[in-house]
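Structural overview
One-letter residues, chain by chain:
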Amino acid sequence: MLTIRSSRLIPMSVILVLLCTTSARSEEPALVYERQSPQVVDQRSDQETSPSPISGGSTASTLMWRTILFEDFEGDFPGTRWYLAPPISAYWWGKRDCKAYEGNYSAWGVGGGALGSSLVCGDNYPNDIRATMRYGPFDLSNCVAAELTFRHWTRTELGTGFIDSDYLAVLASYDNITFSGPFWSGDWTGTCDGWCQALYDLTEAGSRGNLCGRPEVWIRFVFTSNSSVTDVGVFVDNVEIRVGEYLGDHQLWLPLAMGE
Ligand SMILES: [Ca+2]
Ligand SMILES: [Ca+2]
């Protein structure tokens, strides 16, 4: 059962769009606002609460969930899965053992890179940071449902808007140029015992619309800070992408007793 929790933080009321104006590899996008309700939930949907199977005569199609990605940051990072940006930076997302929702590790928004890797647990993030970890492309050609779920531990300066704030943004795209998604700013650690669960419904991806049907989809986790006031920042764990697909018509035949 989906439980939608309304945001009490103003920046959560904004869905942002990143427009990479130069090329698909650009990580310095222009910024455009798009105001929509965020998708933040306490529980994700599961198979029992999925849309009911559709029936047609004696046949039926069943919605089945399939996991495309599960990242718990316990193994190699970024490995071959994740692309970190900007390409040259003193601070990247990094696998660290400061906090973890499960296991021993999570990804800290400034915990990697030449200087970030030398931060100790509890240090504050620096000013004027934008660190991105991107996954994709993955294929959503055949799905009827798709969702990105993750846990995040977020404590930043509370911004009053997307521009010139500190935040975690979670974004999706079908062209690796324009990204859209919600963002979190402020102190969320008292909201959900530290680690909040969030869901981004990829069938309602802001201006990107329904990403089911798209052969190539990318997601991004972006940590950004402005020019003053810092805090511990953002940790992410248990990132999962699931798709719901109809398996097509099928029939169940009861066992028959057959002679020779
Ligand atoms: Ca972990
Ligand atoms: Ca700041």
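Residues numbered from 1 in each chain as written. Chains lettered and ligands numbered in written order. Predicted model: local features only at pLDDT ≥ 70, side-chain atom pairs only at ≥ 80, totals over all residues. Heavy atoms only, no water.

Secondary structure summary: the protein contains 1 helix and 15 strands in total. By residue count, 50% of the 260 residues in the protein fall in the buried class. Long-range pairs, those at least 24 residues apart, make up 76% of the contacts in the protein with a sequence separation of at least 6. Carbon together with sulfur atoms contributes 51% to the accessible area of the protein, which is approximately 12,100 Å² in total. (Helix = DSSP H or I, 4+ residues; strand = E, 2+ residues; numbered from the N terminus. Buried < 20%, exposed > 50% of the residue type's maximum accessible area, 1.4 Å probe, protein only. Contact = heavy atoms within 4.5 Å. Areas by Shrake-Rupley, 256 points an atom, 1.4 Å probe, with all protein chains shown as cover.)

Protein coordination at the calcium ion (ligand 1): the donors are Asp72 (O), Glu74 (OE), Glu102 (O), Tyr105 (O), Asp237 (OD) and Asp237 (OD), at 2.4 to 2.7 Å from the metal. Taken together, the 6 donor atoms coordinating the calcium ion (ligand 1) and their angles of 49 to 157 degrees define a geometry best described as irregular. Counting gaps between the donor residues of the calcium ion (ligand 1) yields the pattern D-x1-E-x27-E-x2-Y-x131-D. Relative accessible area serves as the criterion here: at 44%, glutamate 102 is assigned to the partly exposed category. (Donors = N, O, S within 2.8 Å, 3.2 Å for Na, K, Ca; no water. Tetrahedral: all angles 85-135°; square planar, octahedral: opposite > 155°, others 65-115°.)

The biggest cluster of nonpolar side chains holds 48 residues, and the ones touching the most others in it are Trp93, Met133, Leu148, Phe150, Leu202, Phe221 and Val236. At the level of secondary structure, the elements contributing two or more residues to this core comprise β6 (82-85), β8 (106-112), β9 (130-138), β10 (145-155), β11 (167-173), β13 (196-201), β14 (217-224) and β15 (233-246). Excluding anything up to four places from it in sequence, leucine 148 contacts Val170, Ala198, Leu199, Tyr200, Leu202, Ile219, Phe221, Val239, Glu240 and Ile241. Membership of the second largest hydrophobic core comes to 8 residues, among which are Phe162, Tyr167, Ala169 and Phe183. (Core = buried A, V, L, I, M, F, W, Y, C linked by side-chain atoms within 4.5 Å.)

Right, let's get into the coordination of the calcium ion (ligand 2). Where a metal carries four tetrahedral donors, each ideal angle is 109.5 degrees; where it carries six octahedral donors, the ideal angles are 90 or 180 degrees. Each protein donor to the calcium ion (ligand 2) is listed here as Glu157 (OE), Asp166 (OD), Asp166 (OD), Asn226 (OD1), Ser228 (O) and Val229 (O); together their distances run 2.2 to 2.7 Å. Coordination at the calcium ion (ligand 2) is irregular: its 6 donor atoms span angles of 52 to 156 degrees at the metal. Ordering the donors of the calcium ion (ligand 2) by residue number gives the pattern E-x8-D-x59-N-x1-S-V. Separated by 71 residues along the polypeptide, glutamate 157 in the loop between β10 and β11 and serine 228 in the loop between β14 and β15 bring together distant segments of the chain. Judged by relative accessible area, which is 22%, glutamate 157 ranks as partly exposed. Owing to a relative accessible area of 38%, serine 228 belongs among the partly exposed residues under this scheme.

On to the environment of proline 78, then. Along the chain, proline 78 turns up in the loop between β5 (63-71) and β6. C-alpha of proline 78 to C-alpha of glycine 112: the two residues are 34 residues apart in sequence and 10.0 Å apart in space.

Next up on the list: unusual backbone geometry. In this structure, the amide linkage connecting alanine 85 to the following residue, proline 86, adopts the cis form with an omega of -5 degrees. For proline 86, the location among the structural elements is in the loop between β6 and β7 (92-96). Between glycine 136 and the following residue, proline 137, the backbone shows a cis peptide bond with an omega angle of 5 degrees. Note that proline 137 resides in strand β9. Positive phi values are uncommon outside glycine, yet aspartate 128 reaches one of about 60 degrees. One can find aspartate 128 in the loop between α1 (113-116) and β9. One non-glycine residue, aspartate 193, adopts positive backbone phi at about 55 degrees. Its place among the elements puts aspartate 193 in the loop between β12 (178-184) and β13.

Turning next to the pattern of salt bridges. Applying the stated criterion across every chain yields a total of 4 salt bridges. Glutamate 245 is the salt-bridge partner of arginine 66, the closest N and O atoms lying 2.8 Å from each other. Of this pair, arginine 66 sits in strand β5 while glutamate 245 sits in strand β15, and the two are 179 residues apart along the sequence. By relative accessible area, arginine 66 is classed as partly exposed at 41%. (Salt bridge = Lys/Arg side-chain N within 4 Å of Asp/Glu carboxyl O.)

Before going further, it helps to examine the pairing of β9. The sheet contact formed by β6 and β9 spans 4 bridges and is antiparallel. Residue pairing for β9: tryptophan 82 is matched across the bridge by tyrosine 135. Looking at chain direction, β9 and β14 are connected through 7 bridges and run antiparallel. Residue methionine 133 lies in a different strand from β14, and its bridge partner there is phenylalanine 221. (Pairing = 2+ DSSP bridges.)

This part takes up the confidence of the model for the protein. Residues of the protein with pLDDT of at least 70 account for 72%, and the chain-wide mean is 80. Across residues 1-59 the pLDDT falls below 50, and counting only partners more than four positions away or on other chains, this stretch makes 160 contacts in the model. (pLDDT = per-residue confidence, 0-100.)

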